[in-house]
Amino acid sequence: LAATYFVGAFVVDSLFAGASFCKYVCPIGQFHFVNSLASPMEVKVRQRAVCRSCASKDCIKGRLVEGAWLRGCQSGLFQERKVGNMDCTFCLDCVHACPHDNVGVIGRLPTSELWTDPVRSGVGKFGQRTDLAAMALVLVFGAFVNAFGMVSPVYAFEKWLASLLGTDSALAVLLVTFGLGLVLVPGLAVASTAAISKAVAGTRETVLVIATRYSFALVPVGFGMWLAHYTFHFLTGALTVIPVAQSLAIDLGVQWLGTPQWGLGPLVPASWLLPIELLLLELGLLGSVITAQRLASAHHADARRARREYVPWAVLAVALFAVGVWLMLQPMEMRGTFRLE
């Protein structure tokens, strides 16, 4: 799989400019693009006045320094106009190429880039990008589908689904599960929420327009689920790198690392896990509710209409949060830890 990624990146980027593999092909890149919308950091300019007075625009074109070529942004993002993380690969070429040290990794309030819908240098306005909204929804709901696939109830669900389909094919059951979790359920949930939002707010906008705008408000709660899930695996299994290294050394004939300590694994007591997971989910929920409210307020001057429009999306975020809590309370079948029998 790793070799396929390297070959794919080499072939695509040899044929197309603008970091094409990362931006359009690599699923890992799309995962990071979407979840970086909730990041507390952003690559951006320190002072826009410095950019306006800059004649060279080296952040895009690159420059020669002591015989070494420092390339500019391969995605062609003009830093003065750049907004947010969605189209940034975080290569930091612009940081090094800027002759004025005016570009850096700057802190910001998490999810704040989602509160308005400006024209972004690479992707335009989120509210007009139904394709990006669909991708964001796949990754938001994917967080819950991914976690569901690792808890005990998934076995009963797969057995029921196989019986319903009349098949013993694991591939068929898997495809239907992903189709339900990543396409049908998100589509129905978002479409119905958008329809309710349209009805209660009395807006003339189409359901698709409303759904596109508010789909991005669900990114924080989805990110909270990803974070809660993978934090669990990290905190329960991080130290297993030690016995794995010891075992590898023994296989290679090296004895000085000692006998593998397979009892190592957790970084924190087991009683800490659920509170940490719930805290991360709660922060994601808070980010989604605030984002939906800010989007509605930015779009409607009438506070009452804005409130009516965003409340259904807040309810959907709460529903996703509840699903996340239920998942975190289930027995984890794939723990990423070693069990001594």
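Going by the structure above, here's the rest.
Residues numbered from 1 in each chain as written. Predicted model: local features only at pLDDT ≥ 70, side-chain atom pairs only at ≥ 80, totals over all residues. Heavy atoms only, no water.

J.: Just to check I follow, could you spell out the overall build of the protein for this structure?
T.: In terms of regular secondary structure, the protein is built from 14 helices and four strands. Counting only C-alpha atoms and orienting by the principal axes, one finds that the protein spans roughly 70 × 65 × 40 Å. When burial is assessed residue by residue, the protein has 41% of its 341 residues classed as buried. Taking contacts inside the protein between residues at least 6 apart in sequence as the whole, the part at least 24 apart equals 74%. About 18200 Å² of surface is accessible on the protein, with carbon and sulfur atoms providing 67% of the total. Averaging the coordinates of the 26 positive side-chain charges in the protein and doing the same for the 21 negative ones gives two points 11 Å apart. (Helix = DSSP H or I, 4+ residues; strand = E, 2+ residues; numbered from the N terminus. Buried < 20%, exposed > 50% of the residue type's maximum accessible area, 1.4 Å probe, protein only. Contact = heavy atoms within 4.5 Å. Areas by Shrake-Rupley, 256 points an atom, 1.4 Å probe, with all protein chains shown as cover. Lys, Arg positive; Asp, Glu negative; His and termini not counted. Charge placed at Lys NZ, Arg CZ, Asp CG, Glu CD.)

J.: Quick question: what am I supposed to make of the environment of Ala 217 here?
T.: Relative to the helices and strands, Ala 217 is located in the loop between helix 10 (207-215) and helix 11 (219-237). Look at Ala 217 and you get buried, because its relative accessible area is 1%. Beyond its immediate chain neighbours, meaning those up to four positions away, Ala 217 contacts Ser 288, Thr 291, Ala 292 and Leu 295.

J.: So what exactly am I meant to see when it comes to the pattern of salt bridges here?
T.: Two side chains that carry opposite charge are able to pair once their charged atoms sit near each other. Counting across every chain of the model gives seven salt bridges. The shortest N-O distance in the salt bridge between Glu 42 and Arg 108 comes to 3.1 Å. Of the two residues, Glu 42 is situated in strand 1 (residues 41-45) and Arg 108 in the loop between strand 4 (103-107) and helix 7 (130-148); the sequence distance between them amounts to 66 residues. Arg 108 sits in the buried class, given a relative accessible area of 12%. Here Arg 213 makes a salt bridge to Glu 205, at a shortest N to O gap of 2.8 Å. When salt bridges that share partners are traced, they join Glu 42, Arg 108, Glu 113 and Arg 120 into one network. (Salt bridge = Lys/Arg side-chain N within 4 Å of Asp/Glu carboxyl O.)

J.: Hey, could you run me through unusual backbone geometry in this one?
T.: Excluding glycine, residues mostly have negative phi values, and the peptide bonds linking residues are mostly trans. The backbone of Lys 57 sits at a positive phi, close to 55°, despite the residue not being glycine. On the accessibility criterion, Lys 57 (26% relative accessible area) is partly exposed. Non-glycine residue Glu 66 carries a positive phi angle of around 50°. Its relative accessible area of 83% is what places Glu 66 among the exposed residues.

J.: Looking at this structure, how should I read the environment of Ala 195?
T.: With respect to the helices and strands, the residue Ala 195 is situated in helix 9 (residues 170-201). Sequence separation of Ala 195 and Ala 211 is 16 residues, and the distance between their C-alpha atoms is 8.5 Å.

J.: So what exactly am I meant to see when it comes to the packing of helix 9 against helix 10 here?
T.: Packed helix pairs are characterised by how far apart their axes lie and by the angle those axes make with each other. One way to put it is that helix 9 packs onto helix 10 with a least axis distance of 9 Å and a crossing angle of 110°. Considering their axes alone, helix 9 and helix 10 lie roughly perpendicular with respect to each other. In this structure, helix 9 crosses over helix 10, and the sense of that crossing is right-handed. For the pair helix 9 and helix 10, the contacting residues are Val 190, Ala 191, Ala 194, Ala 195, Ser 197 and Lys 198 in the first and Val 207, Ile 210, Ala 211 and Ser 215 in the second. Split by residue class, the contact of helix 9 with helix 10 holds seven nonpolar, two polar and one charged. (Axes fitted to C-alpha atoms, helices over the stretch in contact; angles between N-to-C directions. Parallel < 35°, antiparallel > 145°, perpendicular 65-115°, else oblique. Left-handed = near helix turned anticlockwise from the far one by under 90°. Nonpolar A, V, L, I, M, F, W, Y, C, P; charged D, E, K, R; others polar.)

J.: So what exactly am I meant to see when it comes to the packing of aromatic side chains here?
T.: Any pair of aromatic rings gets described here by the distance separating the centres and the angle formed by the planes. Applying the stated criterion across every chain, the model contains seven aromatic pairs. Seen in terms of ring centroids, Phe 31 and Trp 226 are 5.0 Å apart; in terms of plane orientation they differ by 85°. Their pairing is edge-to-face. Here the residue Phe 31 occupies a position in helix 3 (residues 27-35), and Trp 226 occupies one in helix 11, the gap between them amounting to 195 residues. Aromatic side chains Phe 148 and Phe 157 sit 5.7 Å apart centroid to centroid with 75° between the ring planes, which places their arrangement in the edge-to-face category. Three or more aromatic residues joined by ring pairs form one cluster here, namely Phe 31, Trp 226 and Tyr 230. Positioned above the aromatic ring of Phe 126, the side-chain terminus of Arg 120 is 3.7 Å from the ring centre. Taking NZ or CZ as reference, Arg 294 lies 4.1 Å from the ring centre of Trp 115, over its face. (Phe/Tyr/Trp six-rings, centres within 6.5 Å; stacked < 30°, edge-to-face > 60°. Lys NZ or Arg CZ within 6 Å of the ring centre and 35° of its normal.)

J.: Which parts of the structure should I look at to understand helix 13 (residues 270-299)?
T.: Helical geometry note: an α-helix holds 3.6 residues per turn, so side chains three or four residues apart project in the same direction. Given a rise of 1.5 Å per residue, 30 residues ought to cover 44 Å, and the 45 Å separating the end C-alpha atoms of helix 13 matches this to within 8%. Listed as buried for helix 13 are Leu 273, Glu 277, Leu 280, Leu 281, Gly 284, Leu 285, Gly 287, Ser 288, Thr 291, Ala 292, Leu 295 and Ala 296. (Expected span 1.5 Å × (residues − 1).)

J.: In this structure, what is going on with the nonpolar core? I would like to understand it.
T.: As a rule of thumb, soluble globular proteins bury nonpolar side chains together. Ranked by size, the top nonpolar core spans 51 residues in total, and within it Phe 126, Tyr 214, Phe 216, Leu 218, Met 225, Trp 313 and Leu 327 carry the most contacts. Among the secondary structure elements, those contributing two or more residues to this core are helix 3, helix 7, helix 9, helix 10, helix 11, helix 13 and helix 14 (303-328). Excluding residues within four positions of it along the chain, Phe 216 makes contact with Leu 37, Leu 114, Phe 126, Arg 129, Leu 132, Ala 133 and Ala 136. Formed by ten residues, the second largest nonpolar core is a distinct cluster that contains Cys 51, Leu 77, Cys 88 and Val 103. (Core = buried A, V, L, I, M, F, W, Y, C linked by side-chain atoms within 4.5 Å.)

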